[in-house]
Amino acid sequence: GENVEQHPSTLSVQEGDSAVIKCTYSDSASNYFPWYKQELGKRPQLIIDIRSNVGEKKDQRIAVTLNKTAKHFSLHITETQPEDSAVYFCAASKGGYQKVTFGTGTKLQVIP
Amino acid sequence: NAGVTQTPKFQVLKTGQSMTLQCAQDMNHEYMSWYRQDPGMGLRLIHYSVGAGITDQGEVPNGYNVSRSTTEDFPLRLLSAAPSQTSVYFCASSYVSNQPQHFGDGTRLSIL
């Protein structure tokens, strides 16, 4: 089955710096790659996603890139702010009757 | 439109007791799933369903049962509670597995 690895497990950055979180997946048939943000004590919420027919997607300070050949995708957060502090999860799926596979999460701390 | 509703929000059980965690969605989503999240850890898939009458196991199914008799509801049953099942449980749904998932607010379960 699909295996998603996520790195790093923790990340500390100064406010205003950029943060990058990377995920690799094993199943070349996966075609949907979402990113979720989970604030302390809250539920995970989708922040951005990308499909296999697109190489990059941006939404204000957040961007996701996908390299299908290397089977990895990354979340980029620019101009980080304290409210970006949270746990971020990547995931992969291929639709149909197949499940969604999550990465193990990255705890991002933005230091004011 | 309430989204994904989980009940109860908190529960304390004694070892050996059984209970059902409820999950309901009003978005006509076919794909539903249950995760457990332990402190400092990621989301581990317990069971999932791709439609009414169809369920399958995730990575940590032991000790849990599910059924999907309607599109809206996906209850999770603990057969004989054990302290190792102390966790936060999240239910999530999406149209299909390669679409954004909507999470409920979670159920915090403690087993003494």
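Above: the structure in question.
Below or above, wherever it landed, is the structure these notes cover. Along every chain, residues carry numbers that run from 1 in the direction the sequence is written. Labels follow written order: the first chain is A, the first ligand is 1, and so on. Selection of residues for local features in this predicted model requires a pLDDT of at least 70, selection of side-chain atom pairs for listing and counting requires 80 or more, and totals for whole chains, interfaces and linings are taken over all residues. The side-chain numbers reported here are obtained from all heavy atoms of the structure, hydrogens and water having been left aside.

### Some thoughts on the pattern of salt bridges
Filter applied, for reference: A pair is scored as a salt bridge if a Lys or Arg side-chain nitrogen falls within 4 Å of a carboxyl oxygen belonging to Asp or Glu. Helix and strand labels come from DSSP, where a helix needs a run of H or I of at least four residues and a strand needs a run of E of at least two; each type is numbered from the N terminus. The classification of residues rests on relative accessible area computed with a 1.4 Å probe and restricted to protein chains. Under 20% of the type maximum is buried, over 50% is exposed, and intermediate values are partly exposed.
Enumeration according to the criterion identifies seven salt bridges over all chains in this entry. Residue Arg-61 of chain A is joined to Asp-84 of chain A by a salt bridge in which the shortest nitrogen-to-oxygen separation is 2.9 Å. With a gap of 23 residues between them, Arg-61 of chain A in the loop between strand S6 (56-59) and strand S7 (62-67) and Asp-84 of chain A in the loop between strand S8 (72-77) and strand S9 (86-92) connect regions that are remote in the sequence. Take Asp-84 of chain A: its relative accessible area is 6%, and that puts it in the buried class. For Asp-38 of chain B, the salt bridge identified is with Arg-44 of chain B, shortest N-O distance 2.5 Å. On the basis of relative accessible area, Arg-44 of chain B is assigned to the partly exposed category, the value being 25%. Salt bridges sharing partners connect three or more residues here, namely Arg-36, Asp-38 and Arg-44 of chain B.

### Focus on the side chain of Glu-2 of chain A
Residues and elements named next belong to chain A. Put simply, the test is: Positive charge is attributed to Lys and Arg, negative charge to Asp and Glu, and no charge count is given to His or to the chain ends. Throughout this description, a polar contact denotes any pair of N or O atoms lying within 3.5 Å of each other; where both atoms belong to protein, one of them has to be capable of donating a hydrogen while the other can accept it, and for residues adjacent in sequence the pair is counted only when both atoms sit in side chains. In what follows, a contact means two residues having at least one pair of non-hydrogen atoms within 4.5 Å.
Mapped onto the secondary structure, Glu-2 falls in the segment before strand S1 (4-7). Within the buried core, Glu-2 has no salt-bridge partner, and the shortest N-O distance to an opposite charge, that of Lys-94, equals 7.1 Å. Separated by 3.0 Å, the side chain of Glu-2 and the backbone nitrogen of Asp-27 make a polar contact. Within the structure, Glu-2 has its side chain in polar contact with the side chain of Ser-30 (distance 2.4 Å). When near neighbours in sequence (up to four residues on either side) are disregarded, Glu-2 contacts Tyr-25, Ser-26, Asp-27, Ser-30, Ala-92 and Thr-101.

### Some remarks on the interface of chain A and chain B
Note the threshold: Defined here as a combined quantity, buried area equals the accessible surface (1.4 Å probe) lost by two parts on assembly, summed across both.
On the chain B side, the residues contacting the 22 residues of chain A number 18 residues. Considering only the side of chain A, the residues that lose the most area to chain B are Arg-43, Lys-99 and Phe-102 of chain A, jointly responsible for 28% of the buried surface there. A salt bridge links Asp-105 of chain B to Arg-43 of chain A, with the shortest nitrogen-to-oxygen separation between them at 3.5 Å. If you look at where chain A meets chain B, you find 10 residue pairs in polar contact (both at pLDDT 80 or more). The set of elements that each furnish at least two residues to the side of chain A that touches chain B consists of strand S4 (32-38) and strand S5 (45-51) of chain A.

### Observations regarding the sheet that holds strand S8 (residues 76-78) of chain B
Residues and elements named next belong to chain B. Applicable threshold: Note on pairing: DSSP must find at least two bridges between two strands before they are called paired. Axes, fitted as lines to C-alpha atoms, cover a helix only where it is in contact. Angles between the N-to-C directions of the axes lie from 0 to 180 degrees.
The strand order across the open sheet formed by four strands is S1-S3-S8-S7, and the pairing between neighbours is antiparallel. The sheet is open, and its two edges are formed by strand S1 (4-7) and strand S7 (64-66), each paired on a single side. Across the sheet, the axes of successive neighbouring strands diverge by a mean angle of 20°, strand direction being ignored. With three bridges connecting them, S7 and S8 associate as antiparallel partners.

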